[in-house]
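# Remarks on the overall topology
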Amino acid sequence: MSAERVLDAQTWPAEAEAAIGDIRRHVRAASVSSRLRSHHRIYINLTTLEDHTYCIEMSAAGFRVVGRKYDDVSLTGHVNYETPYALLNNISQKYKESFGDELMTKLLHLAGAPEGR
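All of the points below concern the structure found in this document. Remember, predicted model here, so these are calculated numbers, not experimental data.

### Points about the sheet that holds strand S3 (residues 53-59)
Read from one edge of the open sheet, 4 strands run S1-S2-S3-S4, paired in antiparallel fashion. Looking at which strands have only one partner, the edges of the open sheet turn out to be strand S1 (29-37) and strand S4 (62-67). The sheet shows a mean angle of 35° between the axes of neighbouring strands, direction not considered.

This is how it looks when you write it as structure tokens:
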């Protein structure tokens, strides 16, 4: 997400869905909150592979945990992460394992593929 690009109420959902699509295989569940909306940010309800629930704020500043349950924005002072991967890497050990396993599988596939592919 480019900090120079201005997002609005219409473009935030598409940006959030793209971020969710990138992490979907490495979390139990993730969806845009239907209750929390803003012109300057959007909220993603997330369940990690460890079954921990979070509400994640996505804004021009990045991604940050704002709650420990869906549609909850009661936490303050949490770190902003530039990407959803960096945030998940910090809050979910099983995310790290799942992402690493997928990467290893892809690398092994590439290593076994005939040259020229």
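### A look at the packing of helix H1 (residues 11-23) against helix H2 (residues 84-91)
The interhelical angle for the contact between H1 and H2, taken along N-to-C directions, is 50°, at an axis separation of 10 Å. Accordingly, the angle class assigned to the pair H1 and H2 is oblique. For H1 against H2, the interelement crossing comes out right-handed. Where H1 approaches H2, its residues Ala19, Asp22 and Ile23 are matched on the opposing element by Pro84, Tyr85 and Leu88. The residue inventory of the contact of H1 with H2, partitioned by class, reads 5 nonpolar, no polar and 1 charged.

### Some thoughts on the packing of aromatic side chains
In this description, an aromatic ring pair is defined by two values, namely the gap between the centres and the angle between the planes. Throughout the structure, instances matching the rule amount to 1 aromatic pair. With centroids separated by 5.8 Å and ring planes inclined at 25°, the aromatic side chains of tyrosine 95 and phenylalanine 99 adopt a geometry described as stacked. Separated by 4 residues within a single helix, tyrosine 95 and phenylalanine 99 lie in helix H3 (residues 93-112), roughly one turn from each other.

### Let's talk about the side chain of histidine 26
Looking at the secondary structure, you find histidine 26 in the loop between H1 and S1. Once residues lying within four places of it in the same chain are set aside, the contact partners of histidine 26 are Leu49, Tyr95, Ser98, Phe99 and Glu102.

### Overview of H1
The terminal C-alpha atoms of H1 lie 19 Å apart, and with 13 residues this matches the ideal 18 Å at 1.5 Å per residue to within 8%. Along H1, the positions that sit buried rather than exposed are Trp12, Ala16, Ala19, Ile20 and Ile23. Mapping the buried residues of H1 onto a view down its axis gives an arc of 100°, with all of them on the same face. Where H1 is buried, its residues touch S1, strand S2 (41-47), S3, S4 and H2.

### Topic: the environment of threonine 53
Tracing the sequence through the fold places threonine 53 in strand S3. Taking C-alpha positions, threonine 53 is 8.4 Å from glycine 67, a pair spaced 14 residues apart along the chain. When residues no more than four places from it in sequence are discounted, the contact partners of threonine 53 are Leu46, Thr47, Gly67, Arg68, Lys69 and Tyr70. Side-chain polar atoms of threonine 53 contact the backbone oxygen of arginine 68, separated by 3.0 Å.

### Concerning unusual backbone geometry
Positive phi is not limited to glycine here, since aspartate 51 has a value of about 70°. Along the polypeptide, aspartate 51 turns up in the loop between S2 and S3. In the Ramachandran plot, aspartate 71 falls in the positive-phi region, its phi being about 55° despite a non-glycine side chain. Structurally, aspartate 71 is set in the loop between S4 and H2. Residue aspartate 71 is classed as partly exposed on the basis of its relative accessible area of 21%.

The rules we used
Residues numbered from 1 in each chain as written. Predicted model: local features only at pLDDT ≥ 70, side-chain atom pairs only at ≥ 80, totals over all residues. Heavy atoms only, no water. Pairing = 2+ DSSP bridges. Helix = DSSP H or I, 4+ residues; strand = E, 2+ residues; numbered from the N terminus. Axes fitted to C-alpha atoms, helices over the stretch in contact; angles between N-to-C directions. Parallel < 35°, antiparallel > 145°, perpendicular 65-115°, else oblique. Left-handed = near helix turned anticlockwise from the far one by under 90°. Contact = heavy atoms within 4.5 Å. Nonpolar A, V, L, I, M, F, W, Y, C, P; charged D, E, K, R; others polar. Phe/Tyr/Trp six-rings, centres within 6.5 Å; stacked < 30°, edge-to-face > 60°. Expected span 1.5 Å × (residues − 1). Buried < 20%, exposed > 50% of the residue type's maximum accessible area, 1.4 Å probe, protein only. Arc of directions from axis to C-beta. Polar contact = N/O pair within 3.5 Å; in protein donor to acceptor, adjacent residues only side chain to side chain.

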